[in-house]
Amino acid sequence: MLSAGPIDPDVMVLSVHDARGRKPVAMFANYALHYVGGVPEGCVSADYFGEFARRLPARLGAGEDFIGIMCNGASGDINN
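Parameters at a glance
Counting restarts for each chain: residues are numbered from 1 in the order of the written sequence. Restriction of local features to residues with pLDDT of at least 70 applies here, the model being predicted, together with a cutoff of 80 or more for giving and counting side-chain atom pairs; totals for whole chains, interfaces and linings are based on all residues. Excluded from the side-chain calculations are hydrogens and water; all other atoms, namely the structure's heavy atoms, are used. Strand pairing follows a simple DSSP-based rule, namely that at least 2 bridges must link the two strands. Note on conventions: DSSP H or I runs of at least 4 residues are helices, E runs of at least 2 residues are strands, and numbering of each starts at the N terminus. A fitted line through C-alpha atoms serves as each axis, taken over the contacting stretch for helices, and the angle formed by two N-to-C directions is quoted from 0 to 180°. Residues count as neighbours in contact if any of their non-hydrogen atoms are within 4.5 Å of one another. Distance thresholds for patches are 9 Å for like charges and 5 Å for nonpolar side chains (Val, Leu, Ile, Met, Phe, Trp, Tyr), applied to residues having over 30% relative accessible area and no salt bridge. To measure how exposed things are, a 1.4 Å probe is used in the Shrake-Rupley method; for residues, cover is taken only from the protein chains shown. Just to be clear on terms, a salt bridge is a Lys or Arg side-chain nitrogen sitting within 4 Å of an Asp or Glu carboxyl oxygen. The span expected for a helix works out to 1.5 Å for each residue beyond the first. Each residue is assigned a bend, namely the angle between axes fitted to the seven residues that terminate at it and the seven residues that start at it. Three labels apply to residues, based on accessible area from a 1.4 Å probe with only protein chains included: buried if under 20% of the type maximum, exposed if over 50%, partly exposed otherwise in between. Buried Ala, Val, Leu, Ile, Met, Phe, Trp, Tyr and Cys residues that are joined via side-chain atoms within 4.5 Å together make up what is termed a nonpolar core.

Visitor: What is the right way to look at the sheet that holds strand S1 (residues 11–17) in this model?
Guide: Ordered by their spatial adjacency, three strands build an open sheet running S1-S2-S3, and the pairing between neighbours is mixed. Because the sheet does not close on itself, it has two edges, and the strands there are S1 and strand S3 (67–72). Neighbour-to-neighbour, the strand axes of this sheet turn through a mean angle of 10°, independent of strand direction. Bridge count for S1 against strand S2 (residues 24–31) is seven bridges, and the pairing is antiparallel. What sits directly across from valine 11, in S2, is tyrosine 31. In the packing of helix H1 (residues 48–60) onto the sheet, contacts are made with S2 and S3, and the angle to S3 comes to roughly 145°.

Visitor: Where do I start with the environment of valine 25 in this structure?
Guide: Among the secondary structure elements, valine 25 is positioned in strand S2. Between the C-alpha atoms of valine 25 and phenylalanine 66, which are 41 residues apart in sequence, the distance is 4.9 Å. In this structure valine 25 touches Val16, His17, Asp18, Asp65, Phe66 and Ile67, once residues within four positions along its chain are discounted.

Visitor: Mind showing me how you'd approach a nonpolar patch on the surface here?
Guide: On the surface, a cluster of nonpolar side chains totalling about 490 Å² of accessible area is made up of Leu14, Val16, Val25, Phe28, Ile67 and Ile69. At the level of secondary structure, the elements contributing two or more residues to the nonpolar patch comprise S1, S2 and S3.

Visitor: Just to check I follow, could you spell out H1 for this structure?
Guide: Residues spaced three or four apart along an α-helix face the same direction, because each turn holds 3.6 residues. Given a rise of 1.5 Å per residue, 13 residues ought to cover 18 Å, and the 17 Å separating the end C-alpha atoms of H1 matches this to within 8%. The sharpest bend along H1 reaches about 30° and sits at arginine 54, with the proline proline 57 one to four residues further on. Among the residues of H1, those classed as buried are Phe52, Leu56 and Pro57. The elements touched by buried residues of H1 are S2 and S3.

Visitor: Sorry if this is basic, but what is going on with the environment of leucine 14 here?
Guide: Structurally, the position occupied by leucine 14 is in strand S1. For leucine 14, a relative accessible area of 53% corresponds to the exposed category. With 16 residues separating them along the chain, leucine 14 and asparagine 30 place their C-alpha atoms 8.8 Å apart. Leaving out residues up to four positions away in the same chain, leucine 14 has contacts with Ala26, Met27 and Phe28.

Visitor: Got a minute to help me understand the nonpolar core in this structure?
Guide: Soluble globular proteins tend to bury their nonpolar side chains together. Counting residues in each nonpolar core, the largest one holds seven residues, listed as Met27, Ala29, Phe52, Leu56, Ala62, Phe66 and Met70. Looking at this core, the elements with two or more residues in it are S2 and H1. Setting aside its immediate chain neighbours within four residues, alanine 29 contacts Val11, Met12, Val13, Phe52, Ile69, Met70 and Cys71.

See below:
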């Protein structure tokens, strides 16, 4: 599959810390990627949004109350 346009490799991030600026409280990330598919019939695709939310707290050393959110940005004609 060919790209329909240039690929945007950037990930935009909004990070929120506690009042002292030490403990991560939340992170919101936006990545412009159009889901392509190509998954065989009967299979489930990878949930990279869920993995982002699940793995991020440990990677940042955040507590159990940390909120990690990722959204699919404006994809337009972008394709990986």
